[in-house]
Amino acid sequence: MQNGVIYGIDIAKGSSRAQDVPRYAVAILNEGEVTHHTMLRRHKILRMVQKDRPDYIAVDNIYELAADKNELMQFLGKLPENTKLVQVTGGIHQKPLLRLAQEHGISFNQFNPVEEAEACATLASLGVGCEVSLFEDVTKIKVSRARSLGRGGWSQNRYRRKVHGGVKEKSREIENVLRRFSRDTGFTYTLKTTEGFGGYVRAEYTVNAKREQVPIKPSSTADVQVTVKSVERDKIKYLPIKKKGRKHTIVGIDPGTTVGIAILSLEGELLLLRSIRGISHDEVVKLIAEYGKPAVVATDVFPTPAAVEKIRRSFNAVLGTPGGEMRAEDKIALARPLGYSNDHERDSLAAALTTYKNYKNVFSRVEKKAPKYLDIDTIKFHVIHGASIEDAIEKVMPSPKVKKEPGPEPEKAELTDADMQLNRLREELSQKNAQIKQLKEYVAELKYDSGQKERSIETLEHRINKIKGSGYLKVRREKEVQIRDNEIDRLKKELASVRQSLKNQRYHTKRLKQIHKKEMKGEGLPVKIVRSFAKEAIQHTKEMYGLKKGDLVYLENPSGGGPVTASMFTESGIRAIITSEEMPHAALEYFYDFNLPVIKGLEVQRVDDFAMVDPARLEEAIGEWEERSKERLKEKEHQQFKSILDEYRSERRRGLV
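Everything quoted here is computed from the prediction, not taken from an experiment.

Caption draft 1: Highlighting the overall build of the chain. Scanning the chain from terminus to terminus reveals 17 helices and 21 strands. When each of the 657 residues of the chain is scored for burial, the buried share is 36%. If you sum the accessible surface of the chain, you get close to 41100 Å²; carbon and sulfur atoms cover 50% of it.

Structure representation (structure tokens):
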């Protein structure tokens, strides 16, 4: 409810497009009291507005005040800075004033301009309508010469320098103010200057803020003038004066070191899905609050974790719990259609979706039963918190306000208890009558919808009976043939895939037999495959095939490993490691120290997880590695001896020996 001064205006005589000056009825709403004026001209209203400085000027049609956009802009330019012009019937798509008043429990005589003006003011006080905006949130500040320099004489250049210097000095003063303004508020600005003799001819600032927010006022001196104007829009923009409240949401939480958060609207729309590592409780609450007010905080585990319960209490929300353990397959099936990046996001999303599905049928009944002009989201919120649908609608239903005819107020001393009770009962009766009227309209609307659905059902039944005639069997036969053809095509593709797989298996079997024959003849040695230089890959090979003393290992990807991982090979007592890429230096040094050959580039015959090497080439490669190992050892001993000798010489020079 708006508590400031509000002007309601309705045209009483004439038209803004007519030659005769129109006259208006004005209702001034101030803290619940209403003052009426009739047959006022527009200039009189503007003087009253300058004096009272109202928050809103409410009309049912802005073109009652002005004939066109230019005249409307002139009218807005004469209003105080914080006074807004409101069209209570809406923006581009308007609603009749009478219907709006009925929806908000206001009754008035639509043929009485004074009552219509009061209805406009009352609706604006309830936040109904749109602000009429003709200016962008951009302000132009122009600093220029206050007079023409003229043709001049002997002192023309000195005078020009003085004026241009004054423009530049004033421009710098304004820039200092704007720089502080930008630093304090975050609004940005740009500057465009035109250089002149001794200073600036003009300087123009474009500030990305509303006119009333910019701390610069128009001014003028003998040499310099400053103009401040808002930037005009290309077309009229309508801005709702009643800000939409925070939407109610369903929040799924997966607690832990990495917190998964999923937020759904009460319509099932995914608003947020994130997983954040190391986030605090306060940061989680702040992030959730940015997307609305949670009606339900849900988890995918049972019993409820303490962290989830703490978040639920922060919002006084209802707890959503599965009542038992959810299977991983169920979570994946729920979350896959919306997509997720990790298990934390999957679990939080599954919790939110499970809760939404539990309430989905109730939400559908709410949408069918509730009048369309009410806040459906708030009704759902009350239902979630335990209210019945009827009670929730009653809570959201606005209290009707019945227009009372003006008349002398009875003295309080003369009212008896019976009179006071009678007045109260009459007021309650008026409110109930207004509610009954609204509900009757709603029932009539439902009956109309029901009639439409019945006619639609009759039409569909007629079509069904028609289809079931002679053409129905033909269509059905063709459909069955198509289904069978599709099944045959699918089976052909499946058969081709099986044949290709069988062909590949035969080829692999042949290769394996060849490898086995060479092993039996002593022409090949078996090699065990390790996928990568990681603990998990080495452990996998150990568990599947075993790693024992004397085994040969083919390391597919030697990058990433270090001494700790390399120790798993040396502890197993394998004979040699074969690889096709460079080994990390630290791991290679480790294998040299433990005399475990690392052979690069040796040809390996491989089929799946089985491989074989030529024994002669292996022995040759191991011999080469041993030679390199001996040379490395000699070089290492030489370096060690040289280091000792250098240290001894250094001590001799310092006189320590």
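Caption draft 2: Region of interest: the pattern of salt bridges. Overall, the coordinates contain 25 salt bridges when judged by the stated rule. Between Asp-551 and Lys-548 there is a salt bridge; the shortest N-O distance is 3.4 Å. Looking at Asp-551, the relative accessible area reads 10%, which means it is buried.

Caption draft 3: Spotlight on the nonpolar core. Of all hydrophobic cores here, the largest spans 26 residues; its most connected members are Tyr-7, Ile-9, Leu-72 and Leu-85. Mapped by element, the contributors of at least two residues to this core are strand E1 (6–13), strand E2 (23–30), helix H1 (42–52), strand E4 (56–59), helix H2 (69–77) and strand E6 (130–145). Beyond its immediate stretch of four places on either side in the chain, Tyr-7 contacts Val-26, Ala-27, Ile-28, Met-48, Val-49, Asp-52, Pro-54, Tyr-56, Ile-57, Ala-58 and Ala-121. With 20 residues, the next largest nonpolar core counts Leu-547, Met-568, Phe-569 and Leu-596 among its residues.

Caption draft 4: Representation of unusual backbone geometry in the model. Residue Pro-303 is bonded to the preceding Phe-302 through a cis peptide linkage, with omega at 5 degrees. Tracing the chain through its elements places Pro-303 in the loop between strand E14 (293–298) and helix H7 (306–315). Despite not being glycine, Arg-53 shows a phi value in the positive range, around 50 degrees. Here the phi dihedral of Asn-595 falls at roughly 55 degrees; this positive angle occurs in a residue that is not glycine. With respect to the secondary-structure elements, Asn-595 resides in the loop between helix H16 (585–593) and strand E19 (598–600). A relative accessible area of 52% places Asn-595 in the exposed class.

Caption draft 5: How the structure looks around the sheet that holds strand E20 (residues 605–607). Ordered in space as E19-E18-E17-E16-E21-E20, the six strands form an open sheet in which the pairing is mixed. Strand pairing shows two members of the sheet lacking a second neighbour, E19 and E20, which therefore form its edges. In this sheet, neighbouring strand axes are inclined to one another by 30 degrees on average, regardless of whether the strands run parallel or antiparallel. Relative to strand E17 (residues 552–557), strand E16 (residues 525–532) runs parallel, the two sharing four bridges. For Ser-532, the partnering residue across the bridge sits in E17 and is Asn-557. Set on the sheet, helix H17 (residues 615–653) makes contact with E16, E17, strand E18 (576–579), E19 and strand E21 (610–613); between it and E19 the angle comes to about 115 degrees.

Caption draft 6: The packing of aromatic side chains, seen in detail. Overall, the coordinates contain 10 aromatic pairs when judged by the stated rule. Ring geometry for Tyr-359 versus Phe-363: centroids 5.8 Å apart, planes at 15 degrees, classification stacked. One end of the pair, Tyr-359, and the other, Phe-363, are both in helix H9 (residues 343–369), four residues apart, so they sit about a helical turn from each other. Seen from their ring centres, Phe-533 and Phe-569 are 6.0 Å apart, and the 40 degrees between their planes marks the pair as tilted. In this pair, Phe-533 sits in the loop between E16 and helix H14 (535–544) while Phe-569 sits in helix H15 (residues 563–572), placing the two residues 36 residues apart along the sequence. Take Phe-533 and Phe-569: they sit in the same class, and that class is buried. Over the ring of Phe-363 we find Lys-380, and its NZ or CZ is 5.0 Å from the ring centre.

Caption draft 7: Quick look at the pairing of E16. Note that E16 and E21 share four bridges and pair antiparallel. Residue Pro-526 lies in a different strand from E21, and its bridge partner there is Met-612. Handedness of the crossover joining E16 and E17 through H14 is recorded here as right-handed.

Caption draft 8: Highlighting the side chain of Lys-331. Tracing the backbone shows Lys-331 in helix H8 (residues 328–335). Relative accessible area serves as the criterion here: at 9%, Lys-331 is assigned to the buried category. Contacts of Lys-331, omitting those with residues within four sequence positions, involve Asp-300, Met-326, Arg-346, Asp-347 and Ala-350.

Caption draft 9: Highlighting the sheet that holds strand E12 (residues 258–265). Ordered by their spatial adjacency, five strands build an open sheet running E13-E12-E11-E14-E15, and the pairing between neighbours is mixed. Both edges of this open sheet fall to strand E13 (270–277) and strand E15 (318–320), since each of them pairs with a single strand only. When the angles between neighbouring strand axes are averaged without regard to direction, this sheet yields 25 degrees. Of the strands in this sheet, strand E11 (248–254), E12, E13 and E14 touch helix H6 (residues 281–289), which is tilted by about 20 degrees from E12.

Caption draft 10: Spotlight on H7. Turning to H7, its buried residues are Val-308, Ile-311, Arg-312 and Phe-315. Seen end-on, H7 carries its buried residues on one side only, within an arc spanning 100 degrees. The outward face of H7, more than 90 degrees from its buried face, is lined by the exposed residues Ala-306 and Arg-313. Buried-residue contacts for H7 involve E11, H6, E14 and E15.

Caption draft 11: Representation of the pairing of strand E5 (residues 84–87). Of the strand pairs in this sheet, E4 and E5 are connected by four bridges, and their pairing is parallel. Considered in E5, the bridge of Tyr-56 is made with Lys-84. Running through H2, the crossover from E4 to the neighbouring parallel element E5 is right-handed. Across two bridges, E5 lies against E6 in antiparallel orientation. Bridge pairing in E6 places Val-86 opposite Glu-131.

Caption draft 12: Up close: the packing of H16 against H17. Running from N to C, H16 and H17 cross one another at 95 degrees; their axes reach a closest spacing of 11 Å. Classed by the angle they form, the pair H16 and H17 counts as roughly perpendicular. Where H16 approaches H17, its residues Glu-589, Phe-591, Tyr-592 and Asp-593 are matched on the opposing element by Trp-625, Arg-628, Ser-629, Arg-632 and Lys-636. Here the contact of H16 with H17 is composed, by residue class, of three nonpolar, one polar and five charged.

The rules we used
- Residues numbered from 1 in each chain as written.
- Predicted model: local features only at pLDDT ≥ 70, side-chain atom pairs only at ≥ 80, totals over all residues.
- Heavy atoms only, no water.
- Helix = DSSP H or I, 4+ residues; strand = E, 2+ residues; numbered from the N terminus.
- Buried < 20%, exposed > 50% of the residue type's maximum accessible area, 1.4 Å probe, protein only.
- Areas by Shrake-Rupley, 256 points an atom, 1.4 Å probe, with all protein chains shown as cover.
- Salt bridge = Lys/Arg side-chain N within 4 Å of Asp/Glu carboxyl O.
- Core = buried A, V, L, I, M, F, W, Y, C linked by side-chain atoms within 4.5 Å.
- Contact = heavy atoms within 4.5 Å.
- Pairing = 2+ DSSP bridges.
- Axes fitted to C-alpha atoms, helices over the stretch in contact; angles between N-to-C directions.
- Phe/Tyr/Trp six-rings, centres within 6.5 Å; stacked < 30°, edge-to-face > 60°.
- Lys NZ or Arg CZ within 6 Å of the ring centre and 35° of its normal.
- Right-handed = clockwise from strand over helix to strand, strands pointing away.
- Arc of directions from axis to C-beta.
- Parallel < 35°, antiparallel > 145°, perpendicular 65-115°, else oblique.
- Nonpolar A, V, L, I, M, F, W, Y, C, P; charged D, E, K, R; others polar.

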